[in-house]
Structure formats: C-alpha cells, structure tokens
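The residues making up each chain are set out below.
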Amino acid sequence: SRLAVGAVTLFALGAVVAASWRRAPAALILGATRKITLDAGLEVDPALAPDGRTLAYAAGPEGAMRIYVRRLDGGRAVRVSGDVPGDHRRPRWSPDGSHVLFQAGGGVWSVPALGGVPRVIVAAMGDATVRALYPEWSPDGQTIAWVRRDSVMARASGGGPVRYVGSLREAHSLAWSPDGRWIAAVSGNEAFVYGAAASTMDVGFTSIGNLAPSSVWVFPATGGEAVRVAAGDNLNTSPAWLGPDRLVFVSDRDGSRDLFVVTLDGAGKPHGAPARLTTGLNVHTV
C-alpha cells in the first residue's frame, strides 16, 4: 500500500537533525537533538563528515536535487555537485573527509568536499533500467560498493574490474561496517527513502513515505549469501553501523517510525531481538 504525503509532512521529513550519542555499560542513550537545516523545500540523505563538523545532504525538487555541504556550527550551505545531469542523491564522505560520492544520471560521481569538478567513478550504462545506485565507501577508502538492479557490486575506488558481492530483491541503502567485514543493505520499499523507484526514476510525491514492508540484511563484503537482520510485515530501513557488531535502523515494528539497534554475532546473525532506542521520533533515515 502507498500513503500520499502532503507538503507539511514532507517538510518535516526533509528537516535534517543531528543527535549526539554516549555509550553506557549496557545500553545506548540518545542525547541532545538539534535541527541543522530549516530551508524551504525538501532536504534529505544527511551524511556527517568523518570529523563530525560538516553535513552533506541532497536538497531541491524531487527528480532534480543537488548535493550541498554545510557546517554544523552555522554558515550557508554550499552546492558541491556541479552541473552533472540527473537527480543528485545519497552523498557519502570518503573516510579521510576529502571527497563526497553521490549518484546521478545512472552513474556514481566523486567531488572534492569543498566543491570542484565531479569525476566519474562508475559510468552510466546508457540504459535507464541499468543504473549504478546507493554508492558506499569501504572503511579504508580503497573500494566502492553500489547496487545495479538487484545486485550489489564493488570495485577499487581508483578503477579496475567489477566484482559481484550478492543479490537481494530491490536492494538499496548500502552501509559498510567499520571493520570492513559486512555490507548492510535493505530489500524492498525503495520508494520510502527516495520517493520513487530510483532504478527506473519513476519520480512522484505519491510514493514518498509509503509504509510497505522492507527488510535489513548483511552481506559478507568479500561476497556470499546475505543474512537477514530485520524483517516481518513492517518497514525496516536505513541501516547504519555503530561499531563492527551493532547496527541501528529505522522501523515501524512498534507503531511509529523509530530507531532500533541490534547486535550481530560473528556470522552476521542478530543476537536477540532489536532494542528500541526512541519513541515517537518519526524518523525517516539515519
């Protein structure tokens, strides 16, 4: 089922916020939350720089977004993705903070973090149904992973042969673990995050925020079968790592969209049920 979302809700979804975390002996405690952006229009896909001082995000009308960076301590947003054709989405910082990856026009690009000339990392195939999407750096910056149709692919960040990592139905939203062992991914309900099936670029506000089910998985980064982490008749999306064995994600399994955390064992399997971190946060992505 799909849920049409009005402009007021989209504005709420688009407001980018940041939260501080501190580690307790037995639990994660969510600290102070503050709003970072409050400009007109849609603002999504937030990504914090490795130094925690700068935010990259996508902003603009759906289907024609551009990538911006902004200091958390104030100042104006700077557009960095240049004039590359297409919808610019999913910024991802290099581990050293010097560059930002993003997807646009069916390919993957890299641009200096302060702006410059974008460079092609994964070239578009010339077929609108075969696009390179959801790019993600390895923690050492030596490898890039992305999705092509239902397959997760990887290659050296400097170029070279492409290797196959694994497949999921409607794979999206990759996240590489900090120890380099795992790549988390979501299966299903791509439209919740992107307001469209990005693989076909079927854009339209009638789909963003829909509540169809999706599941979270992890792949061995070297290739192999995916392990299911979170599933069921619920929305489970936007995985992000809190360490080599803990994964936080968005889920509506208890009603409202909130943050949950799960601990994984050495084989990537969840150790116990996911623990709820927030109540009534109505979060869109981590």
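Everything numeric here is computed off the predicted structure, so don't read it as measured data. (Residues numbered from 1 in each chain as written. Predicted model: local features only at pLDDT ≥ 70, side-chain atom pairs only at ≥ 80, totals over all residues. Heavy atoms only, no water.)

Peer 1: So what about the pairing of strand E17 (residues 215-220)? Which residues, and what values?
Peer 2: Of all six residues in E17, five are buried, a share of seventy percent or more. Alignment of strand E16 (residues 182-187) against E17, held across six bridges, turns out to be antiparallel. By the bridge assignment for E17, Ala184 is matched with Val218. As defined by bridge partners, E17 adjoins strand E18 (residues 227-230) across three bridges and the pair is classed as antiparallel. Within E18, the residue paired with Val218 across the bridge is Val227. Taken together, E17 and the strand that follows it, E18, pair antiparallel across an intervening segment of six residues, in which Gly223 is found at a positive phi of about 110°. (Buried < 20%, exposed > 50% of the residue type's maximum accessible area, 1.4 Å probe, protein only. Helix = DSSP H or I, 4+ residues; strand = E, 2+ residues; numbered from the N terminus. Pairing = 2+ DSSP bridges.)

Peer 1: Let's hear about the side chain of Asp252: which residues, and what values?
Peer 2: Residue position: Asp252 is located in the loop between strand E20 (246-251) and strand E21 (258-263). Here Asp252 occupies a buried position and makes no salt bridge, while the nearest side chain of opposite charge, Arg257, is found at 6.8 Å. (Lys, Arg positive; Asp, Glu negative; His and termini not counted. Salt bridge = Lys/Arg side-chain N within 4 Å of Asp/Glu carboxyl O.)

Peer 1: Outline the sheet that holds strand E22 (residues 275-276), listing residues and values.
Peer 2: Strand order in the open sheet formed by four strands is E19-E20-E21-E22, and the pairing between neighbours is antiparallel. Edge positions in the sheet fall to strand E19 (236-243) and E22, since each of these pairs with one other strand and no more. Here E21 runs beside E22; their pairing, made up of two bridges, is antiparallel. Each bridged residue has a counterpart across the sheet, and for Val261 the counterpart in E22 is Ala275.

Peer 1: Could you give an account of the side chain of Arg90, with specific residues and numbers?
Peer 2: Take Arg90: it is sitting in strand E7 (residues 89-93). The exposure class assigned to Arg90 is buried, which follows from its relative accessible area of 4%. Within the structure, the side chain of Arg90 is placed 3.5 Å from the backbone oxygen of Pro135, a separation counted as a polar contact. At 3.4 Å, the side chain of Arg90 forms a polar contact with the side chain of Glu136. Look past the residues within four positions of Arg90 in its chain and what remains in contact with it is Asp45, Leu101, Phe102, Gln103, Tyr134, Pro135, Glu136, Ser173, Leu174, Ala175 and Tyr194. (Polar contact = N/O pair within 3.5 Å; in protein donor to acceptor, adjacent residues only side chain to side chain. Contact = heavy atoms within 4.5 Å.)

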